[in-house]
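Chain and residue survey
Okay, here's what each chain looks like letter by letter:
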Amino acid sequence: MTTMESLIGLVNRIQRACTVLGDYGGGGTGDNAFNSLWEALPTVAVVGGQSSGKSSVLESIVGRDFLPRGSGIVTRRPLVLQLHKMEEGTEEYAEFLHLPKRQFTDFALVRKEIQDETDRITGKSKQISPVPIHLSIFSPNVVNLTLVDLPGLTKVAVGMNSLPPLWLSTKVIYSVFYFPEGQPETIVEDIESMVRTYVDKPNCIILAISPANQDIATSDAIKLAKEVDPAGERTFGVLTKLDLMDKGTNALDVLEGRSYRLQHPWVGIVNRSQADINRNADMMLARRKERDYFDTSPDYGHLASKMGSEYLAKLLSKHLESVIRSRIPSILSLINKSIEELERELDKMGRPVAVDAGAQLYTILEMCRAFDKVFKEHLDGGRPGGDRIYGVFDNQLPAALKKLPFDRHLSLQSVKRIVSEADGYQPHLIAPEQGYRRLIEGALGYFRGPAEASVDAVHFVLKELVRKSIAETQELKRFPSLQVELAAAANSSLEKFREESKKSVIRLVEMESAYLTAEFFRKLPQEMERPVITNSKNQTAASPSPATQDQYGEGHFRRIASNVSAYVSMVSDTLRNTIPKACVYCQVRQAKLALLNYFYSQISKREGKQLGELLDEDPALMGRRLECAQRLELYKKARDEIDAVAWVR
């Protein structure tokens, strides 16, 4: 195998593998997250307007009549035509990528298969598709070359029903092409967009085909080439139908680069006549007639050695091989970069799960530990979220305590009523102790609300942290079923912790009610002692004191309300400190120590099938892993083959 054969053959193999993976020219990368290897490979794109002779040029290069023909758009999918030169005397045959085990020796069947395969993707509506058809032809009559035949460019699309009667009768066509009913009205723009996605790429060699019997300035192919390759570095100009020009005229201004200069020489082609096509004239005979035309032409005789389809094929083959050789370093760089990215992606997604039950259990426990680590990082400050629990204690609880309705409970009217009801039929003698106790017990009952609300707020934060931790645990992303079960188990444990925490904080409130701090009341100012007065008979008597005078007055009840308020304030300060302790001990601490304990006890009892159900991956993730693995295999194989070819060089 020569270097040229090995380089072009290598690109052919890589292109076929790329197409299988959904990476093909025309914007067809299956996933934009992946680099397109196809677009890094040098390609020869065949571009021409309707009736420019594009199909005839390709058939002349191949030496076979194999392309579908007809009016309107015939090529509706890109045709990747890979030519492989065989030894003389070898029977020529064709193979399609979508029919890898079938060899076609009848090229009429090749034409039919191209039509049928086009319809399989585009349907009968005559739409176009960027998904290419890969056709390999093995023949002693070709050179090693790869071409991409693209749909013909056109300017205007009209339905047959909308054409003027004169046009229908005379079949005059001026950059107009007839499309069947049901074909989209945007077909012209769609074709140009598809063609541009190929020729815009810097690695694309443009084979711009124009008919010699039309003004080169109006050539669709040349117009497009000028836009995407203004310097003409990537464009090869081909002029067809030289034999159909008006007598006395020639195309030398174009062929010799005076009308429009390119960096590469123009090549003239003489197509088969319609009569030759209709009677399936031998292609080898057509090649000889083409050579004879240039050899004997008074206009083009001096250019004969650089004219014709055979020369064009050799020129393109040599140039393609040269471009491939120059692009090898950049192709290898892209491949190596893609391999690194794919390996990182696969590591992130994880390797396929083992079938063995023991290995599955180990995998589940490893993912649980990974989740538990993330969850604890949220609580301990390595990740955001745990600070919200402190916010419950530092903001929400104090605010809730301040909003308790003690002013209403200790209003003068309320204190009078409660103290009077506590005294019963015998009013208190010194201090209304029963009234005090009832007022305090009633006030302390209000603390239950903020205590329970603190527990619920902490519970909500912990549940949210469980949700976030599951979402942030990379290992779990593959297994939606395990995520659901893990979340359910964790939330179930949090519910138990909440119940225990509520019992604890309510117990704290009830403890304050069960035993009042007597020392607090002993330290309160005592009522003043009444002074002794002596009368004119030297008899003594206690003078009426303000306390006696105000025993059931407003001042007396206000002092009771003030004393109770002071005691309740002391209890509030105590609970403000102890409620957080209970919440942290019963909820946060337990969540860190035993969040998944019940899950662990249950998972160890499951059998292999049940474990497998937990490790049932998201189908989209499985598909992505498979795609990454296939691409990785392709890139590694391509790298090895390129390295081998580089050594041959």
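Residues numbered from 1 in each chain as written. Predicted model: local features only at pLDDT ≥ 70, side-chain atom pairs only at ≥ 80, totals over all residues. Heavy atoms only, no water.

1. Things to note about the environment of Ser501
Our working rule: Secondary structure elements follow DSSP: runs of H or I no shorter than four residues count as helices, runs of E no shorter than two count as strands, and numbering proceeds from the N terminus. Each residue is assigned to one of three classes by its accessible area relative to the maximum for its type, calculated with a 1.4 Å probe on protein chains only: buried under 20%, partly exposed between the two thresholds, exposed over 50%. Residue contacts are counted whenever heavy atoms from the two residues lie within 4.5 Å of one another.
Structurally, Ser501 can be placed in helix H18 (residues 480-514). Exposure remark for Ser501: the relative accessible area of 0% places this residue in the buried category. Taking the C-alpha atoms as reference points, Ser501 and Cys583, separated by 82 residues in sequence, lie 5.7 Å from one another. Not counting the four nearest positions on each side in its chain, Ser501 is found in contact with Val455, Ala582, Cys583, Cys586 and Gln587.

2. Brief notes about the pairing of strand S9 (residues 204-211)
Going by this rule: Note: two strands are recorded as paired if DSSP finds a minimum of 2 bridges between them. Handedness of a crossover is defined as follows: with both strands directed away from the viewer, a clockwise route from the first strand across the helix to the second makes it right-handed.
For S9, a buried count of 8 out of 8 residues is recorded, marking the element as mostly surrounded by other parts of the structure. On S9, burial covers both faces: Cys204, Ile206, Ala208 and Ser210 on one face and Ile205, Leu207, Ile209 and Pro211 on the other are all buried. Sheet analysis places strand S1 (residues 43-48) next to S9, joined by 6 bridges and oriented parallel. Paired with Val44 across the strands is Ile205, a residue of S9. With 6 bridges joining them, S9 and strand S10 (residues 235-240) adopt parallel strand pairing. Bridging from a neighbouring strand, Ala208 pairs with Gly237 of S10. In this fold, the crossover linking S9 to S10 by way of helix H7 (residues 220-228) has right-handed handedness.

3. Comments concerning unusual backbone geometry
In the Ramachandran plot, Ser51 falls in the positive-phi region, its phi being about 65 degrees despite a non-glycine side chain. Following the sequence through the fold, Ser51 ends up in the loop between S1 and helix H3 (54-62).

4. What to know about helix H16 (residues 433-444)
This is how the line gets drawn: Expected span of a helix: the number of residues minus one, times 1.5 Å. The arc in question is traced by the directions running from the helix axis to the C-beta atoms.
Here H16 contains 12 residues, and its C-alpha end-to-end distance of 16 Å stays within 8% of the 16 Å for a straight helix at 1.5 Å per residue. All of the buried residues along H16 are Gly435, Tyr436, Leu439, Ile440, Ala443 and Leu444. Down the axis of H16, the sector holding all buried residues measures 160 degrees, keeping them to one side.

5. Side note on the sheet that holds strand S5 (residues 133-139)
If you walk across this open sheet you meet the 9 strands as S4-S3-S5-S2-S6-S1-S9-S10-S11, and the pairing is mixed. Whereas interior strands pair on both sides, the edge strands pair on one side only; in this sheet they are strand S4 (99-104) and strand S11 (267-268). Pairing analysis gives 3 bridges linking S1 to strand S6 (residues 145-149), with the strands arranged parallel. Along S6, the bridge assignment pairs Ala45 with Val148.

6. Some words on the pattern of salt bridges
Using the following cut-off: Salt bridge, as used here: a side-chain nitrogen of Lys or Arg that lies within 4 Å of a carboxyl oxygen of Asp or Glu.
Per the stated rule, a full pass over the model turns up 37 salt bridges. Taking the shortest distance from any N to any O, the salt bridge between Arg196 and Glu192 comes out at 3.0 Å. Of the two residues, Arg196 and Glu192 both sit in helix H6 (residues 187-199), 4 residues apart, roughly one turn of that helix. Measuring nitrogen to oxygen at the nearest pair gives 3.5 Å for the salt bridge that ties Glu627 to Arg631. Of the two residues, Glu627 and Arg631 are both situated in helix H24 (residues 619-648); the distance of 4 residues between them amounts to about one turn of the helix. When sorted by exposure, Glu627 lands in the same class as Arg631, which is buried. Among the charged side chains, a salt-bridge network with shared partners connects Glu59, Asp65, Arg111 and Arg272.

7. Details of H7
We count it as follows: A 3.5 Å cut-off defines polar contacts: any pair of N or O atoms within that distance qualifies, except that in protein one atom must be a possible hydrogen donor and the other a possible acceptor, and neighbouring residues in sequence count only when both atoms are side-chain atoms.
Residues of H7 that are buried include every one of Asp220, Ala221, Ile222, Leu224, Ala225 and Val228, and no others. Where H7 is buried, its residues contact S1, H6, S9 and S10. At the N-terminal boundary of H7, the capping side chain belongs to Ser219, with an oxygen 3.4 Å from the backbone nitrogen of Ala221.

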